[in-house]
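One letter stands for each residue in the lines below.
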Amino acid sequence: MTLTPNRLQRINSGDNHWYKIDGTYAPGVTTALGLGLGLKFDIPSGWAARVCANFVIERRHLLADPVWTDTELHNMIRSAPRNTRDDAAVKGKIIHAYGEQLHDTGEVELADEHAHIAAQVEQYAGFLDRWQIDTVASEVPVANTTLRYAGTGDLIARSEPIVTLVNEWRAHAELEPLPLDAPGIIDLKSGKDIRDKDKCQVIAYGKADLCHIDGTEQPMPDIYWHGLVHVQAEFADLHLIRPTYEQQLWDLFNHALAEWHALDEKRGWISHATDNVDRPLLAIETAA
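Keep in mind it's a predicted model, so treat the numbers as computed, not measured.

Ordered in space as β1-β2-β3, the three strands form an open sheet in which the pairing is antiparallel. The open sheet has two free edges, formed respectively by β1 (8–13) and β3 (24–26), since each of these has just one partner strand. Geometrically, the sheet is characterised by an average inter-axis angle of 40 degrees between neighbouring strands, direction not taken into account. By the bridge criterion, six bridges tie β1 to strand β2 (residues 16–21) in an arrangement that is antiparallel. Paired with Arg10 across the bridge in β2 is Tyr19.

Shown next as structure tokens:
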């Protein structure tokens, strides 16, 4: 018996990962947002400068070690902001896993290397309880096979209190109410702030048409609401996307995705949009 390969593939490579749809590379949501909408949506320049400065101060001994070439040192320092951001994403996943266990069982034992996030885990478990979060699936690879992008959503869930609040907003906008068991999608953020690109990100996840749940590829459940939970040691705050802004955020993501298709270093089309027609002609004239 031959198994049909999944249309969506998430390829893990060390601490990083990337995606294929139908065997062809597909940009991740954060990749498209980072290039398509520039530094404001990727890595704020002031924050990046501070991370680079701290990296150098904490590792100043490397600068005098002849084992490292200038190129190697340059690459290490330059990649410090992105590595720090990726570490934050991993931290969010760990907080979610422990927090859900604490919420479900009332107890959790953190590994020694995770002891420093105990307060965040408690805050996140409190969020799950406060909003009566019923998990449909977590750590969900998703893809939009028409627009050809992919990503991994943190949590597909149901929550009557959230839908009740969303329905109040929908009523003010003269929109039909949602059923109380309508599922939504939540992304967990453990950085300093909720950033603008995060709002586009969670909308893009919700617009996927394919996902993997419990290892099985299947159509994406209909997503009716979108949220971000900002987790710190002192709080876990829910940031809900207002229904009247969903289409605008979706339009903005599509703009970013179009820019990615144009500007990506390896796959962008804009570098092929012109040809130097003078140089071949001059070469012919010179040869003659």
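What follows continues from the structure just given.
Further remarks concern the packing of aromatic side chains. Counted under the stated rule, the structure contains six aromatic pairs. When the ring of Tyr149 is compared with that of Phe253, the centres are 4.8 Å apart and the planes differ by 70 degrees; the resulting orientation is edge-to-face. Of this pair, Tyr149 sits in strand β5 (residues 149–158) while Phe253 sits in helix α9 (residues 246–263), placing them 104 residues apart in sequence. Given the relative accessible area of 0%, Phe253 is considered buried. Of the aromatic side chains, those joined through ring pairs into one cluster are Trp18, Tyr25 and Trp260. Across from the ring centre of Trp169, 4.3 Å away, lies the NZ or CZ of Arg242, which sits over that ring. Across from the ring centre of Tyr25, 3.7 Å away, lies the NZ or CZ of Arg267, which sits over that ring.

Judged by pairing direction, the sheet is mixed, and its seven strands sit side by side in the order β8-β7-β4-β5-β6-β9-β10 without closing on themselves. Taken across any chain shown, the strands that pair with only one partner, and hence form the sheet edges, are β8 (216–219) and β10 (236–240). Going across the sheet, the axis of each strand differs from the next one's by a mean of 35 degrees, ignoring polarity. As paired strands, β5 and strand β6 (residues 184–189) are joined by three bridges and run antiparallel to one another. Paired with Ala157 across the bridge in β6 is Gly184.

Side chains of a nonpolar character, in soluble globular proteins, are inclined to be buried together. Grouped together as the largest cluster of nonpolar side chains are 28 residues, with contacts concentrated most on Val29, Val140, Val142, Tyr149, Ile185, Met220 and Phe253. Listing elements by their share of this core, those giving two or more residues are α1 (29–36), β4 (134–144), β5, α8 (196–206), β7 (210–213) and α9. Among the elements that line this core, the one with the most residues is α9, at six residues. When near neighbours in sequence (up to four residues on either side) are disregarded, Val140 contacts Gly151, Thr152, Gly153, Ile156, Cys211, His212 and Ile213. Counting 25 residues, the second-largest nonpolar core is a separate cluster that includes Ile95, Phe127, Trp169 and Ile186.

Let's shift gears to α9. Look at α9: 26 Å from first C-alpha to last across 18 residues, which is about the 26 Å you get at 1.5 Å a residue. Listing the buried residues of α9 in full gives Glu246, Leu249, Trp250, Phe253, Ala256, Leu257, Trp260 and Ala262. Tucked into the core, α9 has its buried residues touching β3, α1, β4, β5, α8 and β9 (225–231).

For β6, the buried fraction is high: six of the six residues fall into the buried class. Side chains of β6 alternate between two faces, with Gly184, Ile186 and Leu188 and Ile185, Asp187 and Lys189 buried alike. Where β6 meets β9, six bridges bridge the pair, whose relative direction is parallel. Residue Ile186 lies in a different strand from β9, and its bridge partner there is Gly227.

Attention now moves to the pairing of β2. Pairing between β2 and β3: three bridges, direction antiparallel. Looking at β3, one finds that Lys20 is bridged to Tyr25. Connecting β2 to the next strand, β3, in antiparallel fashion are two residues, including Asp22 with a positive phi near 55 degrees.

Cut-offs used in this document
- Residues numbered from 1 in each chain as written.
- Predicted model: local features only at pLDDT ≥ 70, side-chain atom pairs only at ≥ 80, totals over all residues.
- Heavy atoms only, no water.
- Pairing = 2+ DSSP bridges.
- Helix = DSSP H or I, 4+ residues; strand = E, 2+ residues; numbered from the N terminus.
- Axes fitted to C-alpha atoms, helices over the stretch in contact; angles between N-to-C directions.
- Phe/Tyr/Trp six-rings, centres within 6.5 Å; stacked < 30°, edge-to-face > 60°.
- Buried < 20%, exposed > 50% of the residue type's maximum accessible area, 1.4 Å probe, protein only.
- Lys NZ or Arg CZ within 6 Å of the ring centre and 35° of its normal.
- Core = buried A, V, L, I, M, F, W, Y, C linked by side-chain atoms within 4.5 Å.
- Contact = heavy atoms within 4.5 Å.
- Expected span 1.5 Å × (residues − 1).

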